[in-house]
Amino acid sequence: MRLVNRLDVLLYGSRWLLPRRTAVLKVVGRRSRASTSVPVAITEHRGAEFLVSMLGPDANWVRNVRAAGGIAVLCRRGRDIPVVLEEVPPEHRAEILRRYLAIAPGARPHLGLEPTAPLARFRQIAPRHPAFRIVTRPAGTDHVGGGR
């Protein structure tokens with residue numbers, strides 16, 4: 001899986017052949033303090049963009065984002081975009097999770113649902129799958145990687 005993630009990081013971070021709803025999330029590691037990169041799928045809902053953890057709250061990227069206070073960078077189409085990731089409370093995640101499954105079919109086995117499942121089922125699993133609203137922040141503010 002690490003090899004697949006590394007290949008996806010190269011592909012998603014490039015300007016060529018990248019799926020529209022993908023990016024590379026760069027965040028400071030909570031222990032190493034080094035910038036880490038992971039490929040992510042971006043879902044849209046009600047005019048905002050979100051990241052969802054199909055692997056739950058113990059995924060390394062989720063733990064790193066929380067430790068970094070949400071400060072991260074998304075590499076999209078070869079450009080680094082400084083962002084703050086704001087965690088969505090579980091009671092507001094159901095529709096976001098449904099949209100996420102519609103664009104990320106590989107996540108379906110991890111969430112155990114299809115996008116057509118009743119919204120009530122998404123409410124049941126919402127506490128187990130963190131979602132973060134992507135907010136663009138001005139360049140040059142608390143950046144990830146590259147040192148100061």
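Peer 1: How would you sum up the environment of A94? Please name residues and give values.
Peer 2: With respect to the helices and strands, A94 occurs in helix α3 (residues 94-103). A94 has contacts with L119, F122 and R123, leaving out every residue within four places of it along the chain.

Peer 1: Could you give me a rundown of unusual backbone geometry, with the residues and numbers involved?
Peer 2: Positive phi, close to 65°, is recorded for R33, a residue that is not glycine. With respect to the helices, strands and loops of the structure, R33 is situated in the loop between β1 (22-28) and β2 (35-41). Residue R33 is classed as exposed on the basis of its relative accessible area of 57%. Positive phi, normally seen in glycine, also occurs at R46, with a value near 50°. Among the secondary structure elements, R46 is positioned in the loop between β3 (43-45) and β4 (48-52).

Peer 1: Summarise the pattern of salt bridges; cite the residues concerned and give the values.
Peer 2: Scanning the entire structure with this criterion turns up 7 salt bridges. The closest approach of N and O atoms between R108 and E114, which form a salt bridge, is 3.5 Å. Judged by its relative accessible area of 23%, R108 is partly exposed. Each of R66, E87 and R93 takes part in one network of salt bridges that share partners.

Peer 1: Can you lay out the pairing of β1 for me, pointing to particular residues and giving the numbers?
Peer 2: Most of β1 sits inside the fold, with 6 of its 7 residues counted as buried. One ladder, built from 7 bridges, connects β1 with β2; its direction is antiparallel. Across the sheet, the residue bridging to A23 is V40, located in β2. Linking β1 to β2, which pair antiparallel, is a turn of 6 residues; within it R33 sits at a positive phi near 65°.

Peer 1: Let's hear about the environment of A126: which residues, and what values?
Peer 2: Its place among the elements puts A126 in the loop between α5 (119-125) and β7 (131-136). C-alpha of A126 to C-alpha of P89: the two residues are 37 residues apart in sequence and 8.9 Å apart in space. What A126 contacts, discounting residues up to four positions off in sequence, is P90, R93 and L97.

Peer 1: I'd like to hear about the nonpolar core, residue by residue, with values.
Peer 2: If you look at the biggest cluster of nonpolar residues, it comprises 19 residues, and the most contacted ones within it are L97, L101 and F122. Broken down by secondary-structure element, the contributors of at least two residues to this core are β4, α3 and α5. If sequence neighbours within four positions are ignored, L97 has contacts with V52, L111, F122, I125, A126 and H129. Among the nonpolar cores identified, the runner-up in size contains 18 residues, and L51, I81, L85 and F132 belong to it.

Definitions and limits used
Residues numbered from 1 in each chain as written. Predicted model: local features only at pLDDT ≥ 70, side-chain atom pairs only at ≥ 80, totals over all residues. Heavy atoms only, no water. Helix = DSSP H or I, 4+ residues; strand = E, 2+ residues; numbered from the N terminus. Contact = heavy atoms within 4.5 Å. Buried < 20%, exposed > 50% of the residue type's maximum accessible area, 1.4 Å probe, protein only. Salt bridge = Lys/Arg side-chain N within 4 Å of Asp/Glu carboxyl O. Pairing = 2+ DSSP bridges. Core = buried A, V, L, I, M, F, W, Y, C linked by side-chain atoms within 4.5 Å.

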